[in-house]
Amino acid sequence: MVRWIVSRALGAAFVLWAVATLIFFGLRLIPGDPAEAILGGPGSQASDEALQKVRLDYGLDQPLLVQYVQAMFRLLRGDLGTSYALKADVAALLGELFWSTLTLTVLSLVVAWAFALVLATWATRGGRLGRMVGSGMEIVAAAVPHFWLASLFILLFSTALRWLPPISTPGPLGLVLPVLTLAIPLAGFLGQVMRESLADALESPFVLSARARGESETGVRWRHAIRHAALPAISLSGWAFGSLISGAVVVETVFARPGLGRSLLNAVTIRDVPMVTGVALVSALAFVLVTIATDAVDRIADPRLRAR
Amino acid sequence: MSLPETDLAQPGLASRPTATRPGARVTVGEVVAIGVLALLALAAIVPGLFTSVDPLAISPTEAFQSPNTAHWFGTDESGRDVFARTIHGARSSLLIGVAATAIGMALALILGVMGGIGAKPLDYTVTRVGEVLFALPGLLLALIFIAIVGPGMMTATVAVGISTAPGYARIIRSQIRAVRTAPFVEAATVLGRSRFFTLRRHILPNALAPIFVLATLGVGQAIVWASSLSYLGLGAVPPAAEWGAMLSAGRSYISNAWWLTVFPGIFIVLAAGAATALGRSMQARTRQVER
Amino acid sequence: MRPHSPARIRRRVLGASAALAGLALLVSGCAAGPSGSSEPTAGGTLVYASGDAEPTCLDPHVGGNYPQALVATQYLESLVSKDSDGEIIPWLATSWKQADDGLSWEFSLRDDVSFTDGTPFNADAVRANVAHLLDPETASSTGYLALGKVASTESVDDHTVRFNLSVPDSSLLDSLSMPWVAIQSPTAMERGKDVNCESPVGTGPFIVTDWVKQDSITLERNEDYNSPPADADHEGTAWLDEIVWRFIPDSASRYAALQGGQVDVIDNPQPSDISASAALDTISELDAPRPGAANRIELNSGKAPLDDVRVREAFIRAADVNDGIESLFFGTAKRSYSLLSSVEALGVSGEEHFTVDLDSANSLLDEAGWTERDGDGYRVKDGERLTLDFPVSTNQSIPAEQSLFEQIQATTKAAGFEVVLHPMDLSSWYGALAVNEYDLVSAPYTKVGPDVLRILFHSDSIVPAPSGYFANLSQLSDPEVDQLLTEASQVSEPDERAALYAEVQQKILGGFHVLPLYDQQNHFLVGSAVNGLRAMPTVSTPTFYDVWLTR
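Residues numbered from 1 in each chain as written. Chains lettered and ligands numbered in written order. Predicted model: local features only at pLDDT ≥ 70, side-chain atom pairs only at ≥ 80, totals over all residues. Heavy atoms only, no water.

Q: Would you take a moment to explain the pairing of strand S21 (residues 523-527) of chain C for this structure?
A: On any regular strand, side chains alternate: one points to one face of the sheet, the next to the other face. Residue and element names in this part refer to chain C. The buried fraction of S21 is high, at five of five residues. On S21, burial covers both faces: His523, Leu525 and Gly527 on one face and Phe524 and Val526 on the other are all buried. Pairing geometry for strand S11 (residues 265-267) and S21, over three bridges, is antiparallel. Note that in S21 the partner of isoleucine 266 across the bridge is leucine 525. One ladder, built from five bridges, connects strand S12 (residues 283-287) with S21; its direction is antiparallel. Paired with serine 284 across the bridge in S21 is valine 526. (Buried < 20%, exposed > 50% of the residue type's maximum accessible area, 1.4 Å probe, protein only. Helix = DSSP H or I, 4+ residues; strand = E, 2+ residues; numbered from the N terminus. Pairing = 2+ DSSP bridges.)

Q: Mind showing me how you'd approach helix H10 (residues 309-318) of chain C here?
A: Count 3.6 residues to each turn of an α-helix, and residues three or four apart come out pointing the same way. The buried fraction of H10 of chain C amounts to eight of the 10 residues, a majority that puts the element mostly inside the structure. Considered for burial, the residues of H10 of chain C that qualify are Val311, Arg312, Glu313, Ala314, Phe315, Ile316, Arg317 and Ala318 of chain C.

Q: Help me understand the interface of chain B and chain C in this model?
A: Interface size is often expressed as the accessible area that is lost when the parts come together. Each partner contributes residues to the interface: chain B has 18 residues there, and chain C has 22 residues. Here chain B and chain C share an interface that buries about 1,500 Å² over both sides, 54% of which is from carbon and sulfur atoms. The tally of links from chain B across to chain C stands at one salt bridge. Notably, a salt bridge pairs arginine 80 of chain B with glutamate 406 of chain C, separated by 2.8 Å at the nearest N-O pair. Between the two partners, chain B and chain C, sit four residue pairs in polar contact (both at pLDDT 80 or more). Here the side of chain B that touches chain C is built from residues that sort into 10 nonpolar, five polar and three charged. (Contact = heavy atoms within 4.5 Å. Buried area = accessible area lost by both parts, 1.4 Å probe. Salt bridge = Lys/Arg side-chain N within 4 Å of Asp/Glu carboxyl O. Polar contact = N/O pair within 3.5 Å; in protein donor to acceptor, adjacent residues only side chain to side chain. Nonpolar A, V, L, I, M, F, W, Y, C, P; charged D, E, K, R; others polar.)

Q: What's the story with the interface of chain B and chain A in this structure? I'm lost.
A: On the side of chain A, 52 residues touch chain B, which itself brings 54 residues to the contact. For the pairing of chain B and chain A, the buried interface totals around 4,600 Å² over both sides, and the portion due to carbon and sulfur atoms is 73%. Counting across the chain B and chain A interface gives zero salt bridges. Across the contact surface, chain B and chain A share two residue pairs in polar contact (both at pLDDT 80 or more).

Q: Honestly, the side chain of aspartate 83 of chain C in this entry has me stumped. Any pointers?
A: Residues and elements named next belong to chain C. Within the secondary structure, aspartate 83 is located in the loop between strand S2 (80-82) and strand S3 (88-90). We note that aspartate 83 is buried and unpaired, the nearest opposite charge coming from lysine 82 at a distance of 8.1 Å. In contact with aspartate 83, other than residues within four places in its own chain, are Ile89, Asp231 and Pro537. (Lys, Arg positive; Asp, Glu negative; His and termini not counted.)

Q: What am I meant to see in a negative patch on the surface here?
A: All names here are of chain C. Taken together, the side chains of Glu487, Glu493, Asp495, Glu496 and Glu503 present a region of like negative charge at the surface. The greatest single-element share of the negative patch, amounting to three residues, is contributed by helix H17 (residues 494-510). With respect to the helices and strands, the residue glutamate 496 is situated in helix H17. For glutamate 496, a relative accessible area of 39% puts it in the partly exposed group. (Patch = residues over 30% accessible without salt bridge, like charges linked within 9 Å, V, L, I, M, F, W, Y side chains within 5 Å. Areas by Shrake-Rupley, 256 points an atom, 1.4 Å probe, with all protein chains shown as cover. Charge placed at Lys NZ, Arg CZ, Asp CG, Glu CD.)

Q: Help me out: how do you make sense of the side chain of arginine 254 of chain C in this one?
A: All names here are of chain C. Along the chain, arginine 254 falls in helix H8 (residues 251-260). Although arginine 254 is buried, it makes no salt bridge; aspartate 267 carries the closest opposite charge, 4.3 Å away. At 3.1 Å, the side chain of arginine 254 and the backbone oxygen of aspartate 267 are in polar contact. If sequence neighbours within four positions are ignored, arginine 254 has contacts with Ala49, Ser50, Gly51, Ile248, Pro249, Val263, Ile266, Asp267, Asn268 and Pro269.

Q: I'm lost on the environment of alanine 93 of chain C in this one. Help?
A: Residue and element names in this part refer to chain C. By secondary structure assignment, the location of alanine 93 is in strand S4 (residues 93-98). When the C-alpha atoms of alanine 93 and serine 108 are compared, they prove to be 5.6 Å apart, with 15 residues separating the residues in sequence. What alanine 93 contacts, discounting residues up to four positions off in sequence, is Leu79, Phe107, Ser108 and Leu109.

Q: Explain the pattern of salt bridges here, please?
A: Proximity of charged atoms lets side chains of opposite charge pair with each other. Applying the stated rule across the entire model yields 24 salt bridges over all chains. The shortest N-O distance in the salt bridge between aspartate 76 of chain B and arginine 80 of chain B comes to 3.0 Å. Grouping residues by exposure puts aspartate 76 of chain B and arginine 80 of chain B together as buried. With a shortest N-O distance of 3.8 Å, arginine 80 of chain B and glutamate 77 of chain B are connected by a salt bridge. Neither residue differs from the other here; arginine 80 of chain B and glutamate 77 of chain B are each classed as buried. Through salt bridges with shared partners, a single ionic network connects Asp76, Glu77, Arg80 and Arg85 of chain B together with Glu406 of chain C.

Q: Explanation requested: the sheet that holds strand S15 (residues 379-381) of chain C in the structure shown.
A: One key point about sheets: their strands pair by backbone hydrogen bonds, in either a parallel or an antiparallel sense. Residue and element names in this part refer to chain C. Taken in spatial order, the three strands of this open sheet run S14-S15-S16, and their pairing is antiparallel. Only two strands of the sheet have a single partner each, and these edge strands are strand S14 (372-373) and strand S16 (384-385). Where S15 and S16 come together, two bridges link them in antiparallel fashion. Looking at the pairing, valine 380 lines up with arginine 385 of S16.

Q: It is not clear to me how the packing of aromatic side chains should be interpreted in this structure. Could you clarify?
A: One pass over the structure, following the stated rule, counts 26 aromatic pairs over all chains. Taking 5.5 Å as the distance between ring centres and 90° as the angle between the ring planes, the aromatic pair formed by phenylalanine 315 of chain C and phenylalanine 417 of chain C counts as edge-to-face. Of this pair, phenylalanine 315 of chain C sits in helix H10 while phenylalanine 417 of chain C sits in the loop between helix H13 (399-413) and strand S18 (418-424), and the two are 102 residues apart along the sequence. Of the two residues, phenylalanine 315 of chain C and phenylalanine 417 of chain C, neither departs from the other in class, the shared state being buried. Arranged with centres 4.7 Å apart and planes meeting at 55°, the rings of phenylalanine 329 of chain C and tyrosine 518 of chain C form a pair that is tilted. Of this pair, phenylalanine 329 of chain C sits in the loop between helix H11 (322-328) and helix H12 (358-367) while tyrosine 518 of chain C sits in strand S20 (residues 514-518), placing them 189 residues apart in sequence. Grouping residues by exposure puts phenylalanine 329 of chain C and tyrosine 518 of chain C together as buried. Aromatic rings pair up to connect Trp72, Phe73, Phe83, Trp243, Trp258, Trp259, Phe263 and Phe267 of chain B into one cluster. Lying across the ring of tryptophan 211 of chain C, lysine 213 of chain C places its NZ or CZ 4.6 Å from the centre. (Phe/Tyr/Trp six-rings, centres within 6.5 Å; stacked < 30°, edge-to-face > 60°. Lys NZ or Arg CZ within 6 Å of the ring centre and 35° of its normal.)

Written out as structure tokens, the structure reads:
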């Protein structure tokens, strides 16, 4: 067990390092002068003295590899730097934004899970028609673009019915629409996966033997099949988290909700390297942690995996 | 953004006997999905069959008409016929979906094969690279790529392709690894076949069989993500009739011209949904074959 | 010329209050206690949602765009203001005198005002502000250009300051009324640019207390406030406790938030929403066209193909915008044929220059050598297509305007022009302009008074200000125009000044350098809880000083 933890931790560290490297060189490829970006963006056309001063201050005049090493060392110390555009400490900014996005994504994941579970179990119960309807709903849900769903929700619940606020207000009510918008397409995906695994599991040998032993249908479902069917969906949570962060960009913009997604869009456009690096690292870290957690759950839940 | 691994890549799960034979009855769902895709493909190739109106022709005096007999889907803010634009939009949207998936698959094949048949170190490296790309939010990869190269439909297509590649690569790699240890491959080696021969005749065809299914599933997602990029202003440029761009423009008028939002959105869902449905049913069939 | 809006909204509010008062009288027969809704009451938080780009710096000396002016109006004040008749009125300065030779102005300042950090407001403070604006390190554009003729300043005594000019400037008072030249605490400015950008300190009715980037700015009431301009509705502190200034870029979300009551005032509403809200009695409109230039498209005559006047005229003849403006703006915007805003008294309209005539466009292009067309219908000459690049700032152009540009794209195609629209964010847009990668551009420029013509069309303005922005985007370089503009800016005699400005406007319009569209639209939609809102007649920014809430 310890060996497993250590190896995963090393793997995680590697991923973070690689992400930081990728961002560092990737952003350098974007056309434009990074010194200009620091001074306010491509159009700032600051004086040559100002640009030169910035280059010295930020070490931009040194060879690329030297800059890279320096940047890596800074990251190791936990120094995420100062945002070029917002002129504030990136770590502090991310702290504020992170909780907001985290709340949104975690809630969405939970809600998506709940929907998927309901859909999957209900569908397998209803025979062929139930399966078709369930399957259809899942496929449609997964095919809906976030921004369209958001528009429809605002149109229906805010403009027409006046039940919910159209923009994210502090407090639970302001979270309802953003969470639903993110959760529904994900629920579609998860539902599809779960339903198949559930169908598989319901006809597997250990379930047959449970039925043969005389267990009730509900007992069979809940005690054996669901646990087994949930495994693939759990291991998908890592991927799901990453996809939710992508979705958060649109949802946060449409519902005017502060968060990593909204800031990311802006930061990439204006080449705000510290900000982009910060957001990328945070999401990569979150992804890695979630993956490790789900793998751990996998191992605990499925004894077969421990043998590996 | 990339496709999640489905249990397609997890061989060895409980197998069960099945009563159905491969090539069994076509289900209603499949018929509907194929029908929808065929209609959309037809719209993409020969839009003239469905509408003779120019999707780019403006007529400001006829702006914001709700759906009526002259304009089935109404008109937009410049008086353009929304039905014509939606039909013509099929071409851009489907093309982007197919092209992005093709690009993603191509990249994935390279990475996946390298990881699948390469020696341990190569496999390790490729897997780690894949993990790293996977760990980044797909949209971030696309944004950076677009920032480097500049916005546009081509760029958006490539960007979506690049973001989906890691996911496919993982699946391909694990498929190849799984097939490599299969009995019939062992048999071939024992029989003295060369490695290359084994690779070409046995490993690759079997490992890559699910590609088609994955690609079909992927097209659906690619269409949705490409339209998201257009919505954010990073894809198709006005006045292109692309569904995502149309939704983006229509968003501003949602309270007084709902048809600008509803119809292109329905088509995105139709296209992506049909592709996904088809992919899922093909997946179901191949699984039945495996068993 | 008076702007319609403040009077209109005041009438509306007064009317509503009168009705309420009447009702209250009726009701008070049954219930004890006054309803109090026609009398300002202190207290409450107002939420303002802006669709403009969030400022990168809250100090309007730095750069100088409209979003900065909108928020700075609440916490910074200028030496003078303007009333709704267009007359300059006292604010932080009580009186002023121009020397006979026009080369210096003396301002008497109020002696009872302090900045909210305790620093006293005096002549030295004014001098520090002017120095700050003219310092290249500050990277000012609007303020820098406005005070371009100020050679030096002197403190005659503690509360009298003298501006020495290099040449006479007939628009100095106009310039000094703008928020981009507002007076900040010298102590605060000394803290350095980064700090001052976060929390500038002024003399205004509100104080900046917090700024959560990309979310909101919090402004709290200044309890020691005592310096409203001469045309304010009351004296003393503001009624509101607090203002939350939010940024909601999506126009549909913004309007939905107003309807739902989550925000009280929004700007940049969609024309369709303005027209829809007219039917509602819970939302009213404040229409305050910005002064300065009208909203227009400038044709870059600094490079091919628009350096040829025939090509420019052909473009004008082919671009059909009237129907589009009518339908896209739902009647809320009127077509303008003038370079100047309709609130500028000295603007002239040149409708005769802008008739749409496709045949004329085609023959002009043939004349100019663009005789062949390629397979897509665009004209070519020597293998080059007649392409016009049009960068569009998605922050500054509302969707209706972007759609209008699409229509121009379509109508000019008939004559063979290929207009390529490049939607981009504000920062990239500035970048494209800076490297001359544009043929057409629509750039708002708000400045009080006709002197804006000098900023926009004098050849000196092709040289960038310290911020990098250059205002003469049509790159017009005509010595006659230069001479007329320079003369007009120095002449104080009203009739002579009016005549000079009229002449130069006709000249520019006739040279087909500009396609005027409409006034710079500046509409605000206001929820029913808000009373007393008016737009400052200076640059038409709303001021919340006289506002009180009835919730």
